[in-house]
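Secondary and tertiary structure notes
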Amino acid sequence: MCIRKFDSIDQVVAEANDTEYGLAAAVWSTNTNKMHHMVSKLQAVTVWVNCYNTFDAAAPFGGFKMSGIGREGGPYALNNYLQVKQVTQALSQVF
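Residues numbered from 1 in each chain as written. Predicted model: local features only at pLDDT ≥ 70, side-chain atom pairs only at ≥ 80, totals over all residues. Heavy atoms only, no water.

Scanning the protein chain for helices and strands turns up two helices and six strands. Walking the protein chain from its N terminus toward its C terminus, one meets helices and strands in the order α-β-β-α-β-β-β-β. Taken against the 2.2 N^0.38 rule, which gives 12 Å for 95 residues, the C-alpha radius of gyration of the protein chain at 19 Å runs more than 25% over that of a compact globule. Along the first, second and third principal axes, the C-alpha set of the protein chain runs to 70 × 25 × 25 Å. Within the span of the protein chain, comprising 95 residues, buried residues form 17% of the whole. (Helix = DSSP H or I, 4+ residues; strand = E, 2+ residues; numbered from the N terminus. Rg over C-alpha atoms; globule rule 2.2 N^0.38 Å. Buried < 20%, exposed > 50% of the residue type's maximum accessible area, 1.4 Å probe, protein only.)

Our next topic: the pairing of strand E2 (residues 24–27). On E2, burial follows the alternation: Ala-25 and Val-27 on one face are buried, whereas Ala-24 and Ala-26 on the facing-out side are not. When E2 meets strand E3 (residues 46–49), the two strands line up parallel, connected through four bridges. Among the inter-strand pairings, Ala-24 is bridged to a residue of E3, identified as Thr-46. With helix H2 (residues 32–41) bridging E2 and its parallel neighbour E3, the resulting β-α-β unit is right-handed. (Pairing = 2+ DSSP bridges. Right-handed = clockwise from strand over helix to strand, strands pointing away.)

Moving on, we get to the packing of aromatic side chains. Scanning all chains against the criterion turns up two aromatic pairs. Where Trp-48 meets Phe-55, the ring centres are 5.5 Å apart and the plane angle is 90°; that geometry is what we call edge-to-face. Judged by relative accessible area, which is 51%, Phe-55 ranks as exposed. (Phe/Tyr/Trp six-rings, centres within 6.5 Å; stacked < 30°, edge-to-face > 60°.)

Everything listed is a geometric property; what it means functionally is a separate question.
Here it is, written out as structure tokens:
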């Protein structure tokens, strides 16, 4: 864990995202607007806000970049067992 002062949120996000991995991140803030801005820009699947290492079995878990492909847990895990099919049907008969 790294705690330090910073000049801008964009600087912190750029440094946090400058890695091959993207499994999890944590943000501590009393400013909701700044926190939401930062969370939306972080390249991590799990982002804890004002807490750390808290899991819910119904929440998706996985990673960005080299931290993994796909999601485990929650409805997103079902995507591993589904296939998308596109079907087009003409509404008027043309023969």
